[in-house]
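# A look at the structure
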Amino acid sequence: MKTARNARYVRRGRLSSGLWDVAAYGDDTVPDGTIDEGGAEPDTEAAWSVTEPDAGLAHVAIGRYLLPEQPGLWFVWVDEPTASPAATNLVAFGGDRFPAGTIISRYTFATARVPNGEQAGAVRWYPRDGLVHQIFVAPQWRRRFVASTLLYTADAFHQANGWAGTLHGDGRRTALGQLFAAGLRHPNRARELTEEMPEMDEAALRESRE
């Protein structure tokens, strides 16, 4: 199956959290990142789909044609509105405390009593335009498609919020980010490497959730 380079986002309504109920489809007949308000959905599997969760802010399901093997993660949204520029994070956890694909708030996480050792990774990006700043995957979770799962889920959450642009990378990446970019489904969203960045600081991210 040939995978399209461009993505079309179909908005289907609103979730109870106020986020968009939205799905992404590969479609090279439109410019990458085209938003379709209430349009007909293709008769193909979605790249990802945002729907109402059993609990939390949203649920993201990633198409099996993109990720045949999925690590079964759930996510905590950690916003950084006072950063310069304002940033946002999704922190991934393993375990069955929440259904895989669920995104919860940091406030829900604070009462969930989840050990920090279950953290699988995190992605940080800028909501103003979708530029990805850093990706982190815990050593014990590497080679299990965690980075891919994080990026697709972050792309879905970015669109669910109605933020501008699409997730993309500039020429600054960590070593892990460079490995991920090499196999990116949307190669047009990552520029050539110009500077290798340090890995995301797991300790600092953990403190920001507490």
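Report follows, based on the coordinates. All values reported here derive from a predicted model rather than from experimental measurement. (Residues numbered from 1 in each chain as written. Predicted model: local features only at pLDDT ≥ 70, side-chain atom pairs only at ≥ 80, totals over all residues. Heavy atoms only, no water.)

## Overview of the overall build of the protein chain
- Looking only at helices and strands, the protein chain has four helices and twelve strands in total.
- Taking all 210 residues of the protein chain together, the buried fraction comes to 50%.
- Counted over contacts in the protein chain with a minimum sequence separation of 6, partners at least 24 positions apart contribute 59%.
- Carbon and sulfur atoms make up 50% of the accessible area of the protein chain, which totals about 10,100 Å². (Helix = DSSP H or I, 4+ residues; strand = E, 2+ residues; numbered from the N terminus. Buried < 20%, exposed > 50% of the residue type's maximum accessible area, 1.4 Å probe, protein only. Contact = heavy atoms within 4.5 Å. Areas by Shrake-Rupley, 256 points an atom, 1.4 Å probe, with all protein chains shown as cover.)

## Side note on the environment of Asn6
- For Asn6, the position within the fold is in the segment before strand 1 (7-14).
- What makes Asn6 buried here is its relative accessible area of 16%.
- A sequence separation of 25 residues divides Asn6 from Pro31, and the C-alpha atoms of the two residues are 6.6 Å apart.
- One polar contact links the side chain of Asn6 to the main-chain carbonyl oxygen of Val30, over a distance of 3.0 Å. (Polar contact = N/O pair within 3.5 Å; in protein donor to acceptor, adjacent residues only side chain to side chain.)

## Re the sheet that holds strand 5 (residues 58-62)
- Strand order in this open sheet of ten strands is 3-1-2-4-5-8-6-7-9-10, and the pairing throughout is mixed. Each edge of the open sheet is held by one strand with a lone partner, namely strand 3 (34-37) and strand 10 (131-137). Between one strand and the next, the sheet's axes are offset by a mean angle of 20°, whatever the strand orientation.
- Sheet topology note: the strand 2 (residues 20-26)/strand 4 (residues 48-51) ladder contains two bridges and is antiparallel. Within strand 4, the position partnered with Ala23 by the bridge is Ser49. (Pairing = 2+ DSSP bridges. Axes fitted to C-alpha atoms, helices over the stretch in contact; angles between N-to-C directions.)

## Description of the pairing of strand 4
- Note that strand 4 and strand 5 share four bridges and pair antiparallel. When the sheet's bridge partners are listed, Ser49 is paired in strand 5 with Ala61.
- Linking strand 4 back to strand 5 in an antiparallel pair, the connection comprises six residues, with Gly56 at a positive phi of about 110°.

## Focus on helix 2 (residues 146-160)
- For helix 2, spanning 15 residues, the distance from its first C-alpha to its last is 21 Å, which sits close to the expected 21 Å at 1.5 Å a residue.
- The positive-phi residue at the C-terminal boundary of helix 2 is Gly162, with phi of around 75°. (Expected span 1.5 Å × (residues − 1).)

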